[in-house]
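Survey of secondary and tertiary structure
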Amino acid sequence: MKLRTFTGVLAVVLVALGSSVVQAKPIRIQVNGMVCAFCAQGIEKKFKAMPQVEALKVSLETKKVDLEIKEGATISDEQIKKIVTEAGYEVVKIERSL
C-alpha cells in the first residue's frame with residue numbers, strides 16, 4: 001500500500017514539474033525577396049548572431065523564417081524588421097505563437 005501511495009505522489013510531482021517546463025517562444029516571419037540559398041544563408045547568419053535566438057529555420061521554398069526565442073529573452077517586431085531589412089529583404093508578416 002505504501003508503494004502505491006508513493007507512486008501516486010511521484011506522479012503528481014512529475015505532472016506539476018512537467019507543466020512548469022518552459023518552452024521557447026516561436027515566431028514565424030514571412031520574407032519577401034529570398035530567391036536563392038545565399039539569401040537564406042544571409043538571413044540565417046544575422047539571426048544566429050543574436051543571443052536571444054534558441055533555434056532557427058530558414059525555408060527558401062516557403063520564404064519563411066521560423067525563430068524560437070529563449071525563455072526570458074525578447075525580440076521586438078521592430079528588431080526583426082531591422083535585421084531582415086539590413087540583410088536586404090522585406091518582412092511581409094510576423095506571426096507570434098503563445
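Scoring rules and cut-offs
Within each chain, residue numbers correspond to sequence positions counted from 1 in written order. Reporting of local features is limited, given that this is a predicted model, to residues whose pLDDT is at least 70; pairs of side-chain atoms are given and counted only at 80 or more, and all residues count toward the totals for whole chains, interfaces and linings. Only heavy atoms go into the side-chain values, all of them from the structure, while hydrogens and water stay out. Working definition: helices are DSSP H or I runs of at least four residues, strands are E runs of at least two. Numbering for both runs from the N terminus. The contact criterion used is simple: two residues touch if any of their non-hydrogen atoms lie within 4.5 Å. Two strands make a pair as long as DSSP finds a minimum of two bridges between them. Angles here are taken between N-to-C directions and fall from 0 to 180 degrees, while the axes themselves are lines fitted to C-alpha atoms, restricted in helices to the stretch in contact. Buried, partly exposed and exposed residues are distinguished by accessible area as a fraction of the type maximum, computed with a 1.4 Å probe on protein chains only: under 20%, between the cut-offs, and over 50%, respectively. Along the arc lie the directions from the helix axis toward the C-beta atoms. Each residue carries a pLDDT score, the predictor's own confidence in it, on a scale running from 0 to 100. Throughout this description, the term salt bridge denotes a Lys or Arg side-chain nitrogen within 4 Å of a carboxyl oxygen of Asp or Glu.

**Side note on the environment of Val84**
Turning to its location among the elements, Val84 is positioned in helix H3 (residues 77–86). In the structure, Val84 is positioned 40 residues away from Glu44 in sequence and 9.8 Å away in space, judged by C-alpha atoms. The residues touching Val84, leaving out its near neighbours within four places in the chain, are Val31, Phe47, Tyr89, Glu90 and Val91.

**Some details on the sheet that holds strand S3 (residues 64–69)**
As summarised here, the arrangement of the four strands in space is S2-S3-S1-S4, forming an open sheet in which the pairing is antiparallel. Edge strands, defined here as strands with exactly one partner in the open sheet, are strand S2 (53–59) and strand S4 (90–96). Taking the axes of each pair of neighbouring strands and ignoring which way they run, one obtains an average angle of 20 degrees across the sheet. In the sheet, strand S1 (residues 25–32) pairs with S3 via six bridges, with the strands oriented antiparallel. Looking at the pairing, Lys25 lines up with Ile69 of S3. Packed on one face of the sheet, helix H2 (residues 37–48) meets S1, S2 and S3 and runs near 170 degrees to S2. Across the face of the sheet, H3 comes into contact with S1 and S4 while running at roughly 145 degrees to S4.

**A short note on H3**
All of the buried residues in H3 are Ile80, Ile83 and Val84. One side of H3 carries all its buried residues, which in axial view fall inside an arc of 95 degrees. Exposed residues on H3 whose side chains face more than 90 degrees from its buried face are Glu78, Lys82, Thr85 and Glu86. The secondary structure elements touched by the buried residues of H3 are S1, H2 and S4. Just downstream of H3 lies Gly88, where phi reads positive at about 100 degrees.

**A closer look at the pairing of S1**
One face of the sheet, then the other: side chains in a regular strand alternate in exactly this way. As paired elements, S1 and S4 share six bridges and run antiparallel to each other. Looking at the pairing, Gln30 lines up with Lys93 of S4.

**A few points about the confidence of the model for the chain**
In the predicted model, the chain carries a mean pLDDT of 81, and 74% of its residues have values of at least 70. Below pLDDT 50 for its whole length, residues 9–22 participates in one contact with residues either more than four positions away or in separate chains.

**What about the pattern of salt bridges?**
Should the charged atoms of two oppositely charged side chains come close, the side chains can pair. Tallied over the entire structure, the rule returns five salt bridges. Residues Asp77 and Arg96 are paired through a salt bridge, measuring 2.8 Å at the closest nitrogen-oxygen approach. Separated by 19 residues along the polypeptide, Asp77 in helix H3 and Arg96 in strand S4 bring together distant segments of the chain. Judged by its relative accessible area of 42%, Arg96 is partly exposed. Its salt-bridge partner being Glu86, residue Lys82 comes within 4.0 Å of it at the nearest N-O pair. Separated by four residues within a single helix, Lys82 and Glu86 lie in helix H3, roughly one turn from each other. For Glu86, a relative accessible area of 53% gives the class exposed.

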